[in-house]
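Single-letter residue listing:
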Amino acid sequence: MKVWEFMTKKIEWIGADDTVYDAIERMVNKRIRSLAVLYPESSDQRGVVTARDIVFKVLGEGKDPKKTKIRDIACKPMVCISKDESIERVLEIMKELNIARVFVCGDGEIVGVVALMDVMYATLIERARSNHNNV
Amino acid sequence: MFKRLFSSEKHERVVLQEMRKHLELLERASQCLVNFLKTSDRTFLDEICEIEREGDIVRRDILSVLYKGAFLPYIRPSLYRFIELVDETLDLVEDAARLLEFVSLSQPLQDDAFQIAILNTEMVQMLIIAFDSFVEGDDLKEKILAIRLYEKRIDDLYHDLFSRLFDIPVENFWQGRGLADFLSFLVKISDLVEDTADVLSLIHLSLS
């Protein structure tokens, strides 16, 4: 299976100078676990902030989410792949970099995101298909 | 499973062959809908209508063989249900294609609808794989799970799309109604395929 077949197109963005509290609000409202980060100083720079970053780097450390900026905890650069890559390649990247989501790029734009659950779904579907083909 | 239980029974063999044919027709119709979305070539719509009529014939053939006494009576209601669901899905593919002729889709909507149509086709292909496994007496679990995963994916796409629908300008009431109906038909196809897979799973269970 190719990335475009199982990626999620819905991506939420947040500014690097917004607060962690803004990110928490956005994640709760949209029921998502990560946000793509935009850096106002450079349109080429992009990062990602996840619920894990917020819990471990802010809440777990006793920092105030209203006073902590996204740029202080966001991970960058954003890991991107082409939408024509295979699921196996996504899995390799995730294992290698120990990350739970990979962004999908096309024509210089971010067009989607692939998370661990998407990889799990795609792998199960492929398994069901290949089991049949092997019979 | 059926192969082992009923390999010598002519009626049962005919029913299973026709059920497979019915599913193949559904796959062809789903693929035509994908092509129609991609190219707007009206010949695909005509082909879908033709397949739907063919599907009705196959459905009637299966029902008449079942009526003649194929399979044990306790399995027949589930088999009827399976056949009716496949037929309903074929009708829905035709309805969606007919509407598509009249609605205009903006580019992002077109992309999403295209992706849902592709996933619908893959889902039907998985249903055929599950059906083959059923006939061979293999385990269905993984195939049924894959079908559920497809359905969930389509549902997610639709909910995302639905939240954006209200911001899309439409020319008049009927354009809006047509667009909403087209998208809901497209998504309902996956619901029906999932229901069909559940019935298949039920038949499988009742025989084990």
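Only a predicted model underlies this, so the values are computations on that prediction, with no experimental measurement involved. (Residues numbered from 1 in each chain as written. Chains lettered and ligands numbered in written order. Predicted model: local features only at pLDDT ≥ 70, side-chain atom pairs only at ≥ 80, totals over all residues. Heavy atoms only, no water.)

Caption draft 1: Structural detail: helix 5 (residues 107-136) of chain B. For helix 5 of chain B, with 30 residues, the first-to-last C-alpha span of 44 Å sits near the 44 Å given by 1.5 Å per residue. Positive phi shows up at B:Gly137, right after helix 5 of chain B, with a value of about 85 degrees. (Helix = DSSP H or I, 4+ residues; strand = E, 2+ residues; numbered from the N terminus. Expected span 1.5 Å × (residues − 1).)

Caption draft 2: Fine view of the sheet that holds strand 2 (residues 34-38) of chain A. All names here are of chain A. Taken together, the 3 strands give an open sheet; going across it, the order is 1-2-3, and neighbouring strands pair in mixed fashion. The open sheet is flanked by strand 1 (13-15) and strand 3 (46-50), the only strands paired with a single partner. For this sheet the average axis-to-axis angle between neighbouring strands, irrespective of direction, equals 40 degrees. Here strand 2 runs beside strand 3; their pairing, made up of 5 bridges, is antiparallel. Bridged to Leu35 within strand 3 is Val49. (Pairing = 2+ DSSP bridges. Axes fitted to C-alpha atoms, helices over the stretch in contact; angles between N-to-C directions.)

Caption draft 3: Up close: empty space enclosed by the protein. For the coordinates displayed, the defined rule picks out 2 cavities of 30 Å³ or more. When its volume is computed, the largest cavity comes out at roughly 70 Å³. Only helix 1 (3-6) and helix 6 (116-134) of chain A together with helix 6 (141-165) of chain B provide two or more residues apiece to the lining of the largest cavity. Per-element accounting of the lining of the largest cavity gives the leading share, 4 residues, to helix 6 of chain A. Counted as a void, the second largest cavity has a volume near 30 Å³. As for the second largest cavity, its lining consists of B:Ser30, B:Leu33, B:Val93, B:Ala117, B:Asn120, B:Thr121 and B:Ile189. (1 Å grid on protein atoms, 1.4 Å probe; cavity = no way out; pocket = protein on both sides within 12 Å on 5 of 7 lines; lining within 4 Å. Points joined across faces, edges and corners; volume = space filled by probe spheres on them.)

Caption draft 4: Representation of the pattern of salt bridges in the model. For the coordinates displayed, the defined rule picks out 23 salt bridges over all chains. For A:Arg26, the salt bridge goes to A:Glu12, with nearest N and O atoms at 3.7 Å. Of the two residues, A:Arg26 sits in helix 2 (residues 20-30) while A:Glu12 sits in the loop between helix 1 and strand 1, which places them 14 residues apart along the sequence. Residue A:Arg26 is classed as partly exposed on the basis of its relative accessible area, which comes to 26%. Here A:Glu12 falls in the buried class, since its relative accessible area comes to 17%. One salt bridge in this structure joins B:Arg164 and B:Asp160, with 3.6 Å as the shortest N-O distance. Of this pair, B:Arg164 and B:Asp160 both sit in helix 6, 4 residues apart, which is roughly one turn of the helix. Overlapping salt bridges bring together A:Lys9, B:Asp112, B:Asp160 and B:Arg164 as one network. (Salt bridge = Lys/Arg side-chain N within 4 Å of Asp/Glu carboxyl O. Buried < 20%, exposed > 50% of the residue type's maximum accessible area, 1.4 Å probe, protein only.)

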